[in-house]
Amino acid sequence: MNFYRTTRLMLSGAAFFSLASSAFALDGTDLLKKINAAYAAQGGTIAAENIDIDGTTVTLKNVTVKPTGGESLPIGEITLSGVEEDEDGGYYIEEAAFPDINKTQDGVTVTAQELTLGGISVPATAGGDSLDTMMLYETAHTGPLKVVKDGTEVFSLLQTDMNLTLREDESGFDFDGAFKSMKADLSKAEDPQSKDAIEKLALQHVQGDITMKGAWELAPGTIDISEFAFDFTNIGKLNLGFKISGYTMAFMKSMQDAMKESEANPNKEQSQQALGLAMLGLMQQLSFEAAQVRFEDASITKRALDYAGSQQNMSGKQMADSLKAMTPIMLAQLNIPELQNAVSAAVNTFLDDPKSLTVKAAPEKPVPFPTIVGAAMGAPNTLPQVLGVKVSAND
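Quick notes on the rules
Residues numbered from 1 in each chain as written. Predicted model: local features only at pLDDT ≥ 70, side-chain atom pairs only at ≥ 80, totals over all residues. Heavy atoms only, no water. Helix = DSSP H or I, 4+ residues; strand = E, 2+ residues; numbered from the N terminus. Rg over C-alpha atoms; globule rule 2.2 N^0.38 Å. Buried < 20%, exposed > 50% of the residue type's maximum accessible area, 1.4 Å probe, protein only. Phe/Tyr/Trp six-rings, centres within 6.5 Å; stacked < 30°, edge-to-face > 60°. Patch = residues over 30% accessible without salt bridge, like charges linked within 9 Å, V, L, I, M, F, W, Y side chains within 5 Å. Areas by Shrake-Rupley, 256 points an atom, 1.4 Å probe, with all protein chains shown as cover. Salt bridge = Lys/Arg side-chain N within 4 Å of Asp/Glu carboxyl O. Domains from an automatic or database assignment. 1 Å grid on protein atoms, 1.4 Å probe; cavity = no way out; pocket = protein on both sides within 12 Å on 5 of 7 lines; lining within 4 Å. Points joined across faces, edges and corners; volume = space filled by probe spheres on them. Nonpolar A, V, L, I, M, F, W, Y, C, P; charged D, E, K, R; others polar. Axes fitted to C-alpha atoms, helices over the stretch in contact; angles between N-to-C directions. Parallel < 35°, antiparallel > 145°, perpendicular 65-115°, else oblique. Contact = heavy atoms within 4.5 Å. Pairing = 2+ DSSP bridges.

- The chain has the name YdgA family protein in an unreviewed UniProt entry, where Rhizobium chutanense is given as its organism.

**A few points about the overall build of the chain**
Right, so step 1: Counting its regular elements, the chain contains 10 helices and 18 strands.
Right, so step 2: Expected size for 395 residues packed as a compact globule is a radius of gyration near 21 Å; at 28 Å, the chain overshoots this value by more than 25%.
Right, so step 3: Principal axes of the C-alpha set define a box for the chain whose edges measure 110 × 50 × 45 Å.
Right, so step 4: The 395 residues of the chain split such that 33% are buried.

**Overview of the packing of aromatic side chains**
Right, so step 1: Counted under the stated rule, the structure contains four aromatic pairs.
Right, so step 2: Centre to centre, the rings of Trp 216 and Tyr 247 are 6.1 Å apart; their planes meet at 65°, and the pair counts as edge-to-face. Pair noted here: Trp 216 is in strand 12 (residues 205–217) and Tyr 247 is in the loop between strand 14 (236–245) and helix 4 (249–264), with a separation of 31 residues, a long-range link. Each member of the pair, Trp 216 as well as Tyr 247, is classed as buried.
Right, so step 3: Centroid distance Phe 228 to Phe 230: 5.1 Å. Interplanar angle 40°. Geometry classified as tilted.
Right, so step 4: Residue classification places Phe 228 among the partly exposed positions, given a relative accessible area of 31%.
Right, so step 5: Classification of Phe 230 by relative accessible area gives partly exposed; the value is 24%.
Right, so step 6: In textbook terms, an aromatic cluster arises when at least three aromatic residues are bridged by ring pairs, as seen for Phe 173, Trp 216, Tyr 247 and Phe 251.

**Things to note about unusual backbone geometry**
With the exception of glycine, most residues fall at negative phi, and the peptide bonds are largely trans.
Right, so step 1: Positive phi is not limited to glycine here, since Ser 299 has a value of about 95°.
Right, so step 2: For Ser 299, the position within the fold is in the loop between strand 15 (287–297) and helix 6 (300–311).
Right, so step 3: Residue classification places Ser 299 among the partly exposed residues on the basis of a relative accessible area of 31%.
Right, so step 4: Non-glycine residue Asn 335 carries a positive phi angle of around 60°.

**Side note on a nonpolar patch on the surface**
Right, so step 1: Together, Leu 238, Val 293 and Val 359 make up a nonpolar patch on the protein surface, roughly 200 Å² of accessible area in all.
Right, so step 2: You can see Leu 238 is positioned in strand 14.

**So, the domain arrangement of the chain**
Right, so step 1: Here the chain is partitioned into domain 1 (24–141), domain 2 (249–283) and domain 3 (298–393).
Right, so step 2: Computed from C-alpha atoms alone, the centre-to-centre distance between domain 2 and domain 3 is 37 Å.

**Description of the layout of surface pockets**
Right, so step 1: Quantified by volume, the second largest pocket comes out at close to 420 Å³.
Right, so step 2: Contributing to the lining of the second largest pocket are 22 residues, with Ser 121, Leu 131, Met 134, Leu 136 and Leu 166 lying nearest its centre.
Right, so step 3: Elements that contribute at least two residues to the lining of the second largest pocket include exactly strand 4 (91–98), strand 7 (115–122) and strand 10 (152–166).
Right, so step 4: Of the residues contributing to the lining of the second largest pocket, the split by class is 12 nonpolar, five polar and five charged.

**A few points about the packing of helix 6 against helix 7 (residues 316–332)**
Right, so step 1: Packing of helix 6 against helix 7 brings their axes to within 7 Å, and their N-to-C directions diverge by 90°. Classified by the interaxial angle, the pair formed by helix 6 and helix 7 is roughly perpendicular. Packed against helix 6, whose contacting residues are Leu 305, Asp 306, Ala 308 and Gly 309, the element helix 7 presents Gly 316, Met 319, Ala 320 and Leu 323 at the interface.

**Focus on the pattern of salt bridges**
If the charged atoms of two oppositely charged side chains come close together, the side chains can form a pair.
Right, so step 1: Tallied over the full model, the rule gives 15 salt bridges.
Right, so step 2: Across the salt bridge formed by Lys 61 and Asp 52, the nearest N and O atoms sit 2.8 Å from each other.
Right, so step 3: The class for Asp 52 is partly exposed, based on a relative accessible area of 35%.
Right, so step 4: Close ionic contact of Arg 294 with Glu 296 constitutes a salt bridge, the shortest N to O distance being 3.0 Å.
Right, so step 5: Each of Lys 317, Asp 321, Lys 324 and Asp 352 takes part in one network of salt bridges that share partners.

**Brief notes about the pairing of strand 4**
Right, so step 1: Examined bridge by bridge, strand 3 (residues 73–85) and strand 4 share six bridges and lie antiparallel to one another. In the sheet register, Val 83 faces strand 4, and the bridge partner there is Ile 93.
Right, so step 2: Count of turn residues in the strand 3/strand 4 antiparallel hairpin: five residues, of which Gly 89 carries a positive phi of about 100°.
Right, so step 3: Examined bridge by bridge, strand 4 and strand 7 share seven bridges and lie antiparallel to one another. Of the residues in strand 7, the one forming a bridge with Ala 97 is Thr 116.

**Quick look at the pairing of strand 7**
In regular strands, side chains alternate between the two faces of the sheet.
Right, so step 1: Across three bridges, strand 7 lies against strand 8 (residues 139–142) in antiparallel orientation. Across the sheet, residue Gly 118 finds its bridge partner in strand 8, namely Thr 139.

**Looking at the packing of helix 7 against helix 8 (residues 337–352)**
Right, so step 1: Where helix 7 contacts helix 8, the two axes come as close as 10 Å, and the packing angle between them is 170°. Overall, the two elements helix 7 and helix 8 adopt an arrangement that is roughly antiparallel. Listed contacts from helix 8 to Ala 320, Leu 323, Lys 324, Thr 327, Pro 328, Leu 331 and Ala 332 of helix 7 are Gln 340, Val 343, Ser 344, Val 347, Asn 348, Leu 351 and Asp 352.
Right, so step 2: Residues of the contact of helix 7 with helix 8, tallied by class, amount to eight nonpolar, four polar and two charged.

Listed below in structure tokens is the structure:
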């Protein structure tokens, strides 16, 4: 009697846990539907022939991605691991792993490995103008990437990493990224003139990194790119930065809506005109706050002067002296005497001893984009003063 009672209890328990497991099982179709709803904002759809679920792992089989107005692109199998459904119906994906790339066309083979996204938040309801309606990721990574042409490796990249960090108060994001150990082989250039320039400038084998850092403050829509640097061995480091405000969630949604309306209009000429007018209207919401371009020389300037001089039958020093003499003459036509003197002084200093050259624009207060456009069209010589432009060298 006790045996049968125990057996019934065990079977009842097994049935309960089976039902509980089914009740909390992931819905792969719902997950893909919500990913598509969020991805639609970027103008595309994702399809999968089959969806397999094993615990918290969802595998999308034979995936294709179709950009709006374009053809479907085969992706293959995507594995989503550590998938959890939120209380509000959204999802969190610990990692999405994509298949390696190995494509050959017209004698060029492109390969890429270790393609992943990490910490993906899929919203329950997409398409709004609030943070919880956006699909976000915390990390993006690719491993080795190579481009081989006719058996010769012409480009390679060791790895890329992107990070997006939401601030604790959810007031904005901080982000950074790096493209590490880029290599390009320019020695196989076929055009004689290009080949000669590459050899004289010692650019047969280019190697370096690209890094970036920035932040987006949501309420005022302030995007601050503090670093976007191209740093190449024996060439130099070019760092770009800018800061604008007005790029809010509402602005971004309006821009996406305008693009969707344009794509839906069968009259392409009319749709392009309407999109252009819409973008002009949206640009009025943006303001310019700052910008900077800085170049730190690593020997390319001297080689460039020597090469340019050789084309004019003069030495590199003579070419530098010629540029110093021509700079104020060319700037005089712009009728900006204050900036003209600063630029001439900076160019002279840099050419005499190439270390760094910096151009900054930092107005006292944000300048609306329409004001910049108006100045550029009506009185271009006032732009440097409107934007607070300053030029310096070797600082």
